[in-house]
Protein chains: 2
Amino acid sequence: MTTIADVARHAGVSVATVSHVMNHTRHVEPETAERVRAAITALRYSPNSVARSLRRGETKTIGLLLPDNSNPFFASVARQIEDAGFVSGYTVILCNSDGNAEKEERYLSVLMAKQIDGLIFAGSSDHARVFARLLPSVPAVLLDREIQSVNVDSVLVDHDHGGYLAGQYLAGLGHKEIGVIGGPRDSSSSPARLRGFVRALKEAGIELPASSIVDSDYHFAGGRMAMEQLMAQAPDITAVFACNDLMAMGAVTALRSRGLRVPDDISMVGFDDIPYAVTTWPPLTTIAQPVEKIGTLAVSLLLERLGEPEAPSRREVLAPVLVERESCARLRE
Amino acid sequence: MTTIADVARHAGVSVATVSHVMNHTRHVEPETAERVRAAITALRYSPNSVARSLRRGETKTIGLLLPDNSNPFFASVARQIEDAGFVSGYTVILCNSDGNAEKEERYLSVLMAKQIDGLIFAGSSDHARVFARLLPSVPAVLLDREIQSVNVDSVLVDHDHGGYLAGQYLAGLGHKEIGVIGGPRDSSSSPARLRGFVRALKEAGIELPASSIVDSDYHFAGGRMAMEQLMAQAPDITAVFACNDLMAMGAVTALRSRGLRVPDDISMVGFDDIPYAVTTWPPLTTIAQPVEKIGTLAVSLLLERLGEPEAPSRREVLAPVLVERESCARLRE
DNA sequence: TTCCAGGCGGAAAACCGTTACACACTTTTG
DNA sequence: CAAAAGTGTGTAACGGTTTTCCGCCTGGAA
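Description of the structure in this document. The structure presented is a predicted model; accordingly, all values stated were derived computationally and were not measured.

**As for the packing of helix 5 (residues 72-87) of chain B against helix 12 (residues 291-307) of chain B**
Residues and elements named next belong to chain B.
Right, so step 1: One can describe the packing of helix 5 onto helix 12 by two numbers: an axis separation of 8 Å at closest approach and a directional angle of 40°. Judged by the angle between their axes, helix 5 and helix 12 are oblique. When the axes of helix 5 and helix 12 are compared, the crossing they make is right-handed. In contact with Phe73, Ser76, Val77, Gln80, Ile81, Ala84 and Gly85 of helix 5, helix 12 contributes Val291, Glu292, Ile294, Gly295, Thr296, Ala298 and Val299.
Right, so step 2: In terms of residue class, the contact of helix 5 with helix 12 is built from eight nonpolar, five polar and one charged.

**Details of the protein's contact with DNA strand D**
Right, so step 1: Neighbouring residues of DNA strand D: 28 residues in total, closest Ile4 and Ala51 of chain A together with Ala16, Val28 and Glu29 of chain B.
Right, so step 2: Among the elements of the structure, helix 2 (15-23) and helix 4 (49-56) of chain A together with helix 2 (15-23) and helix 4 (49-56) of chain B are those that each provide at least two residues to the surface near DNA strand D.
Right, so step 3: The element contributing the most residues to the surface near DNA strand D is helix 2 of chain A, with six residues.
Right, so step 4: When the residues that make up the surface near DNA strand D are grouped by side-chain class, the tally is 13 nonpolar, 10 polar and five charged.

**Some details on the sheet that holds strand 5 (residues 152-157) of chain A**
Right, so step 1: What the 12 strands build is an open sheet, ordered 11(A)-5(A)-4(A)-3(A)-1(A)-2(A)-2(B)-1(B)-3(B)-4(B)-5(B)-11(B); its pairing is mixed. Either end of the sheet is taken by a strand with one partner, and the two such strands are strand 11 (315-318) of chain A together with strand 11 (315-318) of chain B. This sheet shows a mean twist of 20° between the axes of neighbouring strands, independent of strand direction.
Right, so step 2: In terms of strand pairing, strand 3 (residues 118-121) of chain A meets strand 4 (residues 140-143) of chain A through three bridges, oriented parallel. Paired with Leu119 of chain A across the strands is Ala140 of chain A, a residue of strand 4 of chain A.
Right, so step 3: Set on the sheet, helix 12 (residues 291-307) of chain A makes contact with strand 1 (61-66), strand 3, strand 4, strand 5 and strand 11 of chain A; between it and strand 5 of chain A the angle comes to about 165°.

Calculation notes
- Residues numbered from 1 in each chain as written.
- Chains lettered and ligands numbered in written order.
- Predicted model: local features only at pLDDT ≥ 70, side-chain atom pairs only at ≥ 80, totals over all residues.
- Axes fitted to C-alpha atoms, helices over the stretch in contact; angles between N-to-C directions.
- Helix = DSSP H or I, 4+ residues; strand = E, 2+ residues; numbered from the N terminus.
- Parallel < 35°, antiparallel > 145°, perpendicular 65-115°, else oblique.
- Left-handed = near helix turned anticlockwise from the far one by under 90°.
- Contact = placed C-beta atoms within 7 Å.
- Nonpolar A, V, L, I, M, F, W, Y, C, P; charged D, E, K, R; others polar.
- Near = placed C-beta within 6 Å.
- Pairing = 2+ DSSP bridges.

Right under this line is the structure:
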């Protein structure tokens, strides 16, 4: 490995001068600077970021802690974050927690030890200790979650409103007997989606009995099984609201294997608008989250906070929209 | 930030002793060790990994450079790698190149500057300079690619064989007029898949005219457009081999919007077996890559090399398998 | 003309937080 | 009683950045 000392020797100057040339941190005589640059290219020198980080106290690294990067929703978010970070000179450490609080804590410790400059955290658990103890010591942006703390900003999606849109839509199509496939109870998103959905139904004069709600896990297989259970518990439903697309897709599969057709027999609404919502049959009507904005917004919030650590914490809330495709039909009598 | 010196002072010992206690790098008197541990927890001390890395010359970090982590195939691979790395104490830096050689080079420079211990590289471009100049200076595992170089191992998939399986299967179903949607010409995988496919057809006495092959980009929209073109160029085909699932799914969409049904009118075979191959309608018959093995194998090769830097370079080749679902039918006359 | 302040360009040295090596001191051991 | 083992300390590294220092030159005032 060639070091700054090698360059200095080769150029016949001191290491300090080499540093100044590289970082434009002080004026150096053009002729000297040229000699230094020549030495740098001649030796193919590249400064050691670890040493630089140690001295500067910044690593140009941000930690990204999310439940599962192979979930297409998070995959998109991760991609956006990685892109946005890179153009600002930041590098991303990827961490999957599976929503497991213990893993989250372990990862957070590692990330803090690695001296990340900032954290983007899509936690799926709500364990107070994780937040309270570890978060405040590093600038962070929370996705889909809030916490009263200096230093922590939030990018939120109005899940309640999204659920409301779904309810309004299905009620508007004339459905009266409606089933719901919920996500994890301890997530922040699923209960809110459900809340908005119920409110919309209530406004339309529709009750949602407990037997028409089955909780699941946001996964494809979970959605399939939940749908099975739903068919058993509430055989008369004509429409289903699944709290995310993956479960909606699983539910459609379950229906198909029972010989039921979507939307002819049962209408289906999902949530998220993952890229694969259009590749299923029928293309899924769903509540779209503004994925591309979530990632870029998170990064820009984080960078702004790095620039101004003491600024009051901010919360940005993004509105989901209904994307009408072909998985819903008007109730026919 | 509390440092090792604070701990030493608090425990009334030297920093060296604290270091030894933390790293079990020498025996220390139980009583002393206990005092040190008490100080560590009292001060909530956590060692600074950056300083440690500088001193030890290792960062416990591996770089993961791939075209696009939101592509579900790479998303799965990334997930496996992240998991496998974490259990061995390694952290993953995520980099998306979009298969762009310039981006690859920029990323490689950054990663090298950050002193990653190893690299896992799924390049989609083939530019020799990237390999020749930068790769040999860091232990690396290439996915789906080979290079004669010390220090570089490969995890390969037998794409040729996969393509052969697809060709054999479609020929076996009686198809004679077959179309192909290819991936990028400069990828390593697509040409190999095509080669195997053509070989299988040839063995079955089937010719593949140039007009029956349309190249695309491995994306959903690309597959859709390619299928449009294919229908125009070769209207008599009864089966299509798409060089990945995403394109196959796009092709199915294109067919459906033309009123053609899969598999009744046209049979479709994909490649990869991404998780969403089962969520489309019809469920996609495809050539499955052993995704879960690719990631874990890559990590274990890398770790073994880190342990033994001078070992001869290894290549592991994994066999794809045909997964028969419902997107193909026997040709009926 | 002399003197001194101040700017300039470079070198030297301190520092960032840990680890590893050499050494000092005590206690066993043969 | 010398050699060896056992514990602990001091202090160079590691590879950069940043602060301080220093000699030189310029220019304005005395």
